[in-house]
Amino acid sequence: MTTRKPAAAVRELPHPELADIRLENVLAALADPLRLAVVRTLAECGESALTCSALELPVSKSTSTHHFRVLRESGVITQDYRGTAKMNALRRADLDTLFPGLLDSVLAAAAREPAGGAAR
């Protein structure tokens, strides 16, 4: 007789541990204008999490999924399922602990960019 895993275990997404978050991966993730736009939106929400659909990107669903995966795997965001919705939140405390001032500097520089700079 085989046992089935609980649904929650099947729906967990891998996230890097704090010690495994690398500066070069974070910078590479933030270098893309669409991913930076996601991070800017999440930063504006504070500690609130947003669904993927609330973070509309002007790309196909598969490309959007790729961008969210890059952000998650680099340690910039967390993603977890709440029911059928995938929730996204910025790992601000973790990033501030590892790289003090980095996120604030990147967000401030992005705010100085001309409007529409995130659309590619």
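Details of the structure are given in the entry above.
Residues numbered from 1 in each chain as written. Predicted model: local features only at pLDDT ≥ 70, side-chain atom pairs only at ≥ 80, totals over all residues. Heavy atoms only, no water.

Participant: Sorry, what's going on with the sheet that holds strand 1 (residues 50–51) here?
Facilitator: The pairing of strands in a sheet happens through backbone hydrogen bonds and is either parallel or antiparallel. Strands sit in the order 1-3-2 across an open sheet of three strands; the sheet is antiparallel. In the strand order of this sheet, the two ends are held by strand 1 and strand 2 (77–82), each with one partner. Relative to strand 3 (residues 85–90), strand 1 runs antiparallel, the two sharing two bridges. Across the sheet, residue T51 finds its bridge partner in strand 3, namely M87. Against the sheet, helix 4 (residues 61–74) touches strand 2 and strand 3, its axis set at about 115 degrees to strand 2. (Pairing = 2+ DSSP bridges. Helix = DSSP H or I, 4+ residues; strand = E, 2+ residues; numbered from the N terminus. Contact = heavy atoms within 4.5 Å. Axes fitted to C-alpha atoms, helices over the stretch in contact; angles between N-to-C directions.)

Participant: How should the side chain of D32 be read in this particular structure?
Facilitator: If you trace the backbone, D32 turns up in the loop between helix 2 (23–31) and helix 3 (33–44). Only 2.9 Å separates the side chain of D32 from the backbone nitrogen of L34, close enough to count as a polar contact. (Polar contact = N/O pair within 3.5 Å; in protein donor to acceptor, adjacent residues only side chain to side chain.)

Participant: What am I meant to see in the packing of helix 2 against helix 4 here?
Facilitator: Geometrically, a packed helix pair is captured by the angle between its two axes and the distance between the axes. The geometry of helix 2 relative to helix 4 is characterised by a closest axis approach of 9 Å and an angle of 155 degrees between their N-to-C directions. With respect to each other, helix 2 and helix 4 are oriented roughly antiparallel. Crossing of helix 2 over helix 4 shows left-handed handedness. Packed against helix 2, whose contacting residues are N25, V26 and A29, the element helix 4 presents V70, L71 and S74 at the interface. When its residues are assigned to classes, the contact of helix 2 with helix 4 shows four nonpolar, two polar and no charged. (Parallel < 35°, antiparallel > 145°, perpendicular 65-115°, else oblique. Left-handed = near helix turned anticlockwise from the far one by under 90°. Nonpolar A, V, L, I, M, F, W, Y, C, P; charged D, E, K, R; others polar.)

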